[in-house]
Amino acid sequence: VELQSLLQQLLRSISDRISAAPSTECAEEILLHLEETDKNFHNYDFVKYLRQYVENSLGTVVEEETKNLSRGDGQHAIGSGHDTLIHAVTRKTRASDEYQQMMQTLKNTMTLVVESLIGKFEEDQMRKEEMHRDKQSSQSNSQYNDNCSDSDSSFNQVRPAF
């Protein structure tokens, strides 16, 4: 529920850009490159939540791999330099069971959240369409009744001559 609320908040914040996209593909590109194009990206609560989730899930793994690789246990696996250490830690972390479990859990959770949001959106759309139909029906009935009233009153005013 919290994650759903955070995702809704993010989507509301960027809805203008997504709505202005000329196609679904363009909207996807906007979302894929949001970190690069949105100066507020790291301030969104959804992003903060995900960052904390990754830290909680993988922090220990990253620390252990960093220690192992920097003290020389895995020196043969890495060359010299800071970038190489980062790549090696990233590679080891991505190969870990914790990473696989985190990704599976995140995927399952986000699937449920997105499906729920889609369901709510569809319900809202159906309600709006129903209200629109009811409003149109009401206006049509009102116009019909007005016409009937006008006819009745006109008809009643004209008296046949016998």
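Coordinates for the structure precede this section.
Residues numbered from 1 in each chain as written. Predicted model: local features only at pLDDT ≥ 70, side-chain atom pairs only at ≥ 80, totals over all residues. Heavy atoms only, no water.

1. A look at the overall build of the chain
Our working rule: Helix and strand assignments come from DSSP, with helices taken as H or I runs of at least 4 residues and strands as E runs of at least 2, each series counted from the N terminus. Exposure classes here rest on a 1.4 Å probe applied to the protein chains alone. A residue is buried below 20% of its type maximum, exposed above 50%, and partly exposed in between. Working rule for contacts: check all heavy atoms of both residues, and any pair within 4.5 Å makes them a contact. Working definition of accessibility: Shrake-Rupley area with a 1.4 Å probe, residue cover restricted to the visible protein chains.
Scanning the chain from N- to C-terminus turns up 6 helices and 0 strands. Per-residue burial for the chain yields a buried fraction of 20% across its 162 residues. For the chain, the share of sequence-separated contacts (at least 6 apart) that also reach a separation of at least 24 residues comes to 58%. Total accessible area computed for the chain in this model is approximately 12600 Å², and 52% of it derives from carbon and sulfur atoms.

2. A closer look at the nonpolar core
Across soluble globular proteins, nonpolar side chains show a tendency to be buried alongside one another. Here is the rule we go by: Remark: nonpolar core denotes a set of buried residues (Ala, Val, Leu, Ile, Met, Phe, Trp, Tyr, Cys) joined through side-chain atoms within 4.5 Å.
Leu7, Leu10, Phe46 and Met110 are the most contacted members of the largest nonpolar core, which totals 14 residues. If one sorts the elements of this core by residue count, helix H1 (residues 2-20) sits on top with 5 residues. Those residues in contact with methionine 110, other than ones at most four positions away along the chain, are Leu3, Leu7 and Phe46.

3. Observations concerning the pattern of salt bridges
For clarity, the cut-off: The salt bridge definition used is simple: a Lys or Arg side-chain nitrogen within 4 Å of an Asp or Glu carboxyl oxygen.
For the structure on display, the rule yields 3 salt bridges. Arginine 17 serves as the salt-bridge partner of aspartate 38, at 2.7 Å between the closest nitrogen and oxygen. Taken together, the positions of aspartate 38 in the loop between helix H3 (34-37) and helix H4 (45-70) and arginine 17 in helix H1 put the pair 21 residues apart, joining distant regions of the chain. Residue aspartate 38 is classed as buried on the basis of its relative accessible area of 7%. The exposure class of arginine 17 is partly exposed, given its relative accessible area of 31%. Residue arginine 127 pairs with aspartate 124 through a salt bridge whose shortest N-O separation is 3.1 Å. Placement of both arginine 127 and aspartate 124 in helix H6 (residues 97-157) is noted, with a separation of 3 residues, approximately one turn of the helix. The class of arginine 127 is partly exposed, set by a relative accessible area of 46%. When its relative accessible area of 35% is taken as the criterion, aspartate 124 is described as partly exposed.

4. Quick notes on the packing of H1 against H4
To keep it simple, the criterion reads: Interaxial angles span 0 to 180 degrees and are taken between N-to-C directions of axes, which are lines fitted to C-alpha atoms, for helices over the stretch in contact. Note on angle classes: values under 35 degrees are labelled roughly parallel, values over 145 roughly antiparallel, values of 65 to 115 roughly perpendicular, and the remainder oblique. Three classes are used, and their members are as follows: Ala, Val, Leu, Ile, Met, Phe, Trp, Tyr, Cys and Pro are nonpolar, Asp, Glu, Lys and Arg are charged, and the others, Gly among them, are polar.
Interaxial distance between H1 and H4 falls to 8 Å at its minimum, and their mutual angle equals 135°. With respect to H4, the element H1 is oriented oblique. Between H1 and H4, the residues in contact are Glu2, Leu3, Leu6, Leu7, Gln9 and Leu10 and Asp45, Phe46 and Tyr49, respectively. Split into classes, the residues belonging to the contact of H1 with H4 amount to 6 nonpolar, 1 polar and 2 charged.

5. Considering the environment of glutamate 28
The residue glutamate 28 is located in helix H2 (residues 24-32) in this model. Assessed through its relative accessible area of 46%, glutamate 28 is described here as partly exposed. Spatially, the C-alpha atom of glutamate 28 lies 8.3 Å from that of isoleucine 18, the residues being 10 residues apart in sequence.

6. Regarding H4
The following threshold applies: Throughout, the bend at a residue refers to the angle made by two axes, fitted to the seven residues ending there and to the seven starting there.
Where H4 bends most, the angle comes to about 55°, and this point is leucine 58. Residues Phe46, Val47, Leu58, Gly59, Val61, Glu65 and Leu69 constitute the buried set of H4.

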